[in-house]
Amino acid sequence: MTRHVAIVGGGWAGLACGVELAAAGVRTCLFEAARQLGGRARRVDVHGHALDNGQHILIGAYRETLRLMNQAGADPARVLRRLPLELNYPGSAFCLRLPRIPAPLNLVIGLMTAKGCTAGEKIAAAKFMRSLQTRKYRLAEDISVAELLDQQHQTGSLRRFMWEPLCLAALNTPPEKASAQVFANVLRDSLGGERSDTDLLLPNADLNAVFPDAAARFISGHGGTIRLSERVEHIEQPLHIAGEAFDDIVIATAPQHAIVLLQDHPQTAAIARMLGDYRYEPIGTVYLGYPAGVRLPLPMLGMDVGSPDRLGQWVFDRGQLGDAEGVMGCVLSAAGTWNERDSDALAATLHAELQETLERPLPQPLWHQVIRERRATFSCRPGLPRPKSRTLLRGLWLAGDYVCADYPATLEGAIRSGVAAARAILGRN
Ligand SMILES: Cc1cc2nc3c(=O)[nH]c(=O)nc-3n(C[C@H](O)[C@H](O)[C@H](O)COP(=O)(O)OP(=O)(O)OC[C@H]3O[C@@H](n4cnc5c(N)ncnc54)[C@H](O)[C@@H]3O)c2cc1C
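**Q** Explain the sheet that holds strand β18 (residues 367–378) to me, please; I cannot follow it from the model alone.
**A** Strands pair in a sheet through their backbones, by hydrogen bonds, and they do so in one of two ways: parallel or antiparallel. Strand order across the open sheet formed by five strands is β15-β16-β17-β14-β18, with antiparallel pairing between neighbours. For this open sheet the edge positions go to β15 (300–302) and β18, each flanked by a neighbour on one side alone. On average, each strand axis in the sheet is tilted by 20° relative to the strand beside it, whichever way the strands run. The sheet strands contacting helix α13 (residues 343–358) are β14 (280–289), β15, β16 (314–317), β17 (327–333) and β18, and the helix crosses β14 at an angle near 70°.

**Q** Whenever I open this one, the site of the ligand confuses me. Can you help?
**A** In the region of the ligand, 36 residues are neighbours, and Gly 9, Gly 11, Gly 39, Gly 54 and Thr 410 sit closest. Contributions of two or more residues to the shell around the ligand are made by α1 (12–23), β14, β18 and α14 (411–425). Class assignment of the residues belonging to the shell around the ligand gives a composition of 16 nonpolar, 14 polar and six charged. Taken domain by domain, the makeup of the shell around the ligand includes at least three residues from each of domain 1 (4–73 + 204–278 + 382–425) and domain 3 (280–378).

**Q** What's the story with α1 in this structure? I'm lost.
**A** An α-helical turn contains 3.6 residues, so any two residues separated by three or four positions project in the same direction. The terminal C-alpha atoms of α1, which comprises twelve residues, lie 16 Å apart, in line with the 16 Å expected from a rise of 1.5 Å per residue. Extensive coverage of α1 is indicated by the burial of eleven of its twelve residues. Buried within α1 are the following residues: Trp 12, Ala 13, Gly 14, Leu 15, Ala 16, Cys 17, Gly 18, Val 19, Glu 20, Leu 21 and Ala 22.

**Q** I keep staring at the domain arrangement of the protein chain and nothing clicks. Help me out?
**A** How large an interface is tends to be reported as the accessible area lost when its parts come together. Along its sequence, the protein chain is carved into domain 1 (4–73 + 204–278 + 382–425), domain 2 (85–198) and domain 3 (280–378). Placing the centre of domain 2 and that of domain 3 at their C-alpha centroids yields a distance of 24 Å. The interface of domain 2 with domain 3 comprises 14 residues on the first partner and 17 residues on the second. Counting residues per element, the ones that place at least two in the side of domain 2 that touches domain 3 are β7 (86–88) and α7 (156–171).

**Q** Where do I start with the sheet that holds strand β5 (residues 58–59) in this structure?
**A** With antiparallel pairing, three strands are arranged side by side in an open sheet as β5-β9-β6. Of all the strands in the sheet, the pair left with one neighbour each is β5 and β6 (80–83). Alignment of β6 against strand β9 (residues 200–203), held across four bridges, turns out to be antiparallel. Pairing of Leu 83 across the sheet is with Leu 200, part of β9.

**Q** I keep staring at the packing of helix α5 (residues 119–134) against α7 and nothing clicks. Help me out?
**A** Helices that pack against each other are described as a pair by the angle of their axes relative to one another and the distance between those axes. Relative orientation of the contacting elements α5 and α7 amounts to 55°, with a least axis distance of 7 Å. Compared by their axis directions, α5 and α7 come out oblique. On the side of α5, the interface is formed by Glu 121, Lys 122 and Ala 125, while α7 contributes Gly 156, Ser 157 and Leu 158. Residue composition of the contact of α5 with α7, by class: two nonpolar, two polar and two charged.

**Q** Is there a simple way to explain the packing of helix α4 (residues 105–112) against α5 in this structure?
**A** Packing of α4 against α5 brings their axes to within 9 Å, and their N-to-C directions diverge by 160°. By the angle class used here, α4 and α5 are roughly antiparallel. Here α4 runs over α5; the crossing is right-handed. Residues Leu 107, Val 108, Leu 111 and Met 112 of α4 lie in contact with α5, whose contacting residues are Lys 122, Ala 125, Ala 126 and Met 129. Class assignment for the residues of the contact of α4 with α5 results in seven nonpolar, no polar and one charged.

**Q** Explain the pairing of β16 here, please?
**A** Within a regular beta strand, the side chains point alternately toward one face of the sheet and then the other, so they alternate between its two faces. Side chains Trp 314 and Phe 316 of β16 all project onto a buried face; the interleaved residues Val 315 and Asp 317 project onto the opposite face, where all are buried too. Looking at chain direction, β15 and β16 are connected through three bridges and run antiparallel. When the sheet's bridge partners are listed, Met 300 is paired in β16 with Phe 316. Direction of pairing for β16 relative to β17: antiparallel, over a ladder of four bridges. Directly across from Val 315, in β17, lies its bridge partner Cys 330.

**Q** Hey, could you run me through the nonpolar core in this one?
**A** Residues Val 8, Ala 16, Cys 17, Phe 183, Val 250 and Cys 330 are the most contacted members of the largest nonpolar core, which totals 130 residues. Beyond its immediate sequence surroundings of up to four residues, Val 8 is in contact with Phe 31, Val 232, Ile 249, Val 250, Ile 251, Ala 252, Thr 253 and Leu 261.

The rules behind these values
Residues numbered from 1 in each chain as written. Predicted model: local features only at pLDDT ≥ 70, side-chain atom pairs only at ≥ 80, totals over all residues. Pairing = 2+ DSSP bridges. Helix = DSSP H or I, 4+ residues; strand = E, 2+ residues; numbered from the N terminus. Axes fitted to C-alpha atoms, helices over the stretch in contact; angles between N-to-C directions. Contact = placed C-beta atoms within 7 Å. Near = placed C-beta within 6 Å. Nonpolar A, V, L, I, M, F, W, Y, C, P; charged D, E, K, R; others polar. Domains from an automatic or database assignment. Expected span 1.5 Å × (residues − 1). Buried ≥ 20, exposed ≤ 12 C-beta atoms within 10 Å, placed from the backbone. Parallel < 35°, antiparallel > 145°, perpendicular 65-115°, else oblique. Left-handed = near helix turned anticlockwise from the far one by under 90°. Core = buried A, V, L, I, M, F, W, Y, C linked by C-beta atoms within 7 Å.

Shown next as structure tokens:
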């Protein structure tokens, strides 16, 4: 008889686990509390447009994500737009673009031809990458990203417009609080990897079309079941959910939701306590709906103009990334004063900042929508303990972005954790 595995949570981690198990012929039953799949990376319908709960950026180094997308039948070439890494801030003098030449020359040439920073900063940045590479990206102790950048003499524009925004984008944690080791891991796989690893992969469609829809079809097509609007309240021993027996159960929720399911069992209570100490960072997305015809010079621009009170970090032109013409998505990462403002005030500020960034007046937005994800990601601090996918309760496994210890809370971390849990169940790791 084949094994029957329950997966609790239909975010990218749970779906990745389901796809990997389905491909191996295992029957799965996926429980999702919400009415839709995708979790923290999902489609949201706004003013007649298929947008997202927050703009997501993938990079070429997301190898497991790309592999599973292909496996599930979502064609990365169709739903993702591959662009060379470009950090372009029109409101400041800074611009860095990596040319399409083999690594590491792409980084060397990209740094040397960057605008708006000094020759000394460029040389220091190249030395920083070299020193990380020499240490195989392993730090003697985990410190904050800000401390690492200080130690490595990273100052001026390159720090402000490259290292710090890369830290915020990848770890969603301010450099003063973010883990330098996890940042180094991300640099190892991106700037320290092959040229294609450094590419930006911007979704060309809503997030459900990037992976969750195809994953759900794949799981169902292989005999699995997807149960939407079914919250798992409790896991019983021997392994049962609401009276139904399973050989294995994978908890693939966000950490704060996993606590509830783990704390009742003596074998997993210690993990629940560990997760109870986690802190979280928000992400805000401000969609501004301009008349069709309003476009950015590039699909993605940096909004920093060098002034300290700027709220907007990045803006994405959803007309160039899909079919929402005139819709701009402004991203506000990690905790900050933006979260205290009401939505109308926030939208008015972002509209003003966007005009400053573009150095031209824009028509008044026809509508705006602010989406606040208060617990967008765990706060990726130095030395943060991370659980493994295997628990002491036989047959109970964990998946979720927080389980992939090498990575911050990202789609790739979520996918890798789901694959790891599936492989552990299959006895393949
Ligand atoms: C606004 C925003 C922007 C982001 N930007 C990026 C980015 O640019 N690049 C990047 O790589 N990552 C980004 N991330 C992070 C990324 O979205 C997450 O790391 C990833 O989606 C987490 O997936 P997950 O499957 O681990 O968890 P989740 O997405 O949280 O999925 C867990 C699922 O479990 C369900 N659930 C919870 N409890 C139960 C229960 N008891 N029973 C049944 N179901 C339950 C939930 O409803 C949810 O669907 C961003 C996140 C946000 C919020």
